[in-house]
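Residue-level listing of the chains:
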Amino acid sequence: MTLHSDVAALLAEAGILDVDVDEAVADEHVRSSAYQRIVSVTTSSRSRDRDRATVATILRDPMEMVSKTAVVHLVDRVAMKMTGPAEFRQWSAELLPEVDQLTTEGYREFIRRRIHDWLFHLSVKDGHVPTSAELAKVTYWMQRFLATESTSPAVLALLAESGNSKKIRNIAKNRAASRKLRTR
């Protein structure tokens, strides 16, 4: 497979007809934008059957930063649609062999961390109240996401006490206080 045939196939499968394949092959910014659109179309489907093949094709791109960014976007979009951690764990386990094909260790680890963060988030959303030790194992990004999005008083209290940064602790503390005011 060549980059040209991979990009053409992904665009065709997604039904995206307004991207010039030659331009996308020549310019990684155009290609990155095309991948974002492909991921959006892919994740809008209820079926997750083609995700691994799509990821495998994207990860053949010679610009690993471009492919890593697209895969992270896919992981984020799919995680937001999942109903629980078990479903996401099964889905992400199918992707990990493809992710392992990346030659840059930092990119592989970044995607693995993002998957771990989403598993953590989904377990919290499912009712699990994490310990401070569990919270310490997720990234700043996920802690901030939880501080701004969680509706659990226990999770907000934990973040207010044990968040990685003063900003996270303050966001959680302020949100917890405003939730208390609304319940009065």
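Fair warning: this is a prediction, and the values are worked out from it, not measured in the lab.

J.: Tell me about helix H5 (residues 64-81), and please be specific about residues and values.
T.: Counted at 1.5 Å a residue, the expected span for H5 with its 18 residues is 26 Å, and the 26 Å between its end C-alpha atoms agrees. Of all the residues in H5, the buried ones are Glu64, Val66, Ser67, Lys68, Ala70, Val71, Val72, Leu74, Val75, Asp76, Val78 and Ala79. Next to the buried residues of H5 lie helix H3 (28-44), helix H4 (51-58), helix H6 (85-99), helix H7 (105-125) and helix H9 (140-149).

J.: Any details on the packing of H3 against H5? Residues and values, ideally.
T.: Contact geometry of H3 with H5 gives a least axis separation of 9 Å together with a crossing angle of 20 degrees. Compared by their axis directions, H3 and H5 come out roughly parallel. The chirality of how H3 crosses H5 is right-handed. Between H3 and H5, the contacting residues are Glu28, Ser32, Tyr35, Gln36, Val39, Ser40, Thr42, Thr43 and Ser44 on the first element and Val66, Thr69, Ala70, His73, Leu74, Arg77, Val78 and Lys81 on the second. Class assignment for the residues of the contact of H3 with H5 results in six nonpolar, eight polar and three charged.

J.: Lay out the layout of surface pockets with the relevant residues and their values.
T.: For the largest pocket, the calculated volume is near 260 Å³. Sorting the residues of the lining of the largest pocket by element identifies H5, H7 and H9 as the ones contributing at least two each. Counting residues per element, the lining of the largest pocket draws most heavily on H7, which supplies five residues. Considered class by class, the residues forming the lining of the largest pocket number nine nonpolar, six polar and two charged. Reported here for the second largest pocket is a volume of approximately 160 Å³.

J.: An account of the packing of aromatic side chains is requested, with residue identities and associated values reported.
T.: Within the structure shown, the criterion is met by four aromatic pairs. Judged by centre distance (5.8 Å) and plane angle (20 degrees), the ring pair of Trp141 and Phe145 falls under stacked. On the criterion of helical spacing, the pair formed by Trp141 and Phe145 is a turn pair, its members being four residues apart in helix H9. On the basis of relative accessibility, which here comes to 32%, the residue Trp141 falls in the partly exposed class. Owing to a relative accessible area of 22%, Phe145 belongs among the partly exposed residues under this scheme.

Criteria and thresholds
- Residues numbered from 1 in each chain as written.
- Predicted model: local features only at pLDDT ≥ 70, side-chain atom pairs only at ≥ 80, totals over all residues.
- Heavy atoms only, no water.
- Helix = DSSP H or I, 4+ residues; strand = E, 2+ residues; numbered from the N terminus.
- Expected span 1.5 Å × (residues − 1).
- Buried < 20%, exposed > 50% of the residue type's maximum accessible area, 1.4 Å probe, protein only.
- Contact = heavy atoms within 4.5 Å.
- Axes fitted to C-alpha atoms, helices over the stretch in contact; angles between N-to-C directions.
- Parallel < 35°, antiparallel > 145°, perpendicular 65-115°, else oblique.
- Left-handed = near helix turned anticlockwise from the far one by under 90°.
- Nonpolar A, V, L, I, M, F, W, Y, C, P; charged D, E, K, R; others polar.
- 1 Å grid on protein atoms, 1.4 Å probe; cavity = no way out; pocket = protein on both sides within 12 Å on 5 of 7 lines; lining within 4 Å.
- Points joined across faces, edges and corners; volume = space filled by probe spheres on them.
- Phe/Tyr/Trp six-rings, centres within 6.5 Å; stacked < 30°, edge-to-face > 60°.

Keep in mind these numbers describe shape, not what the thing actually does.
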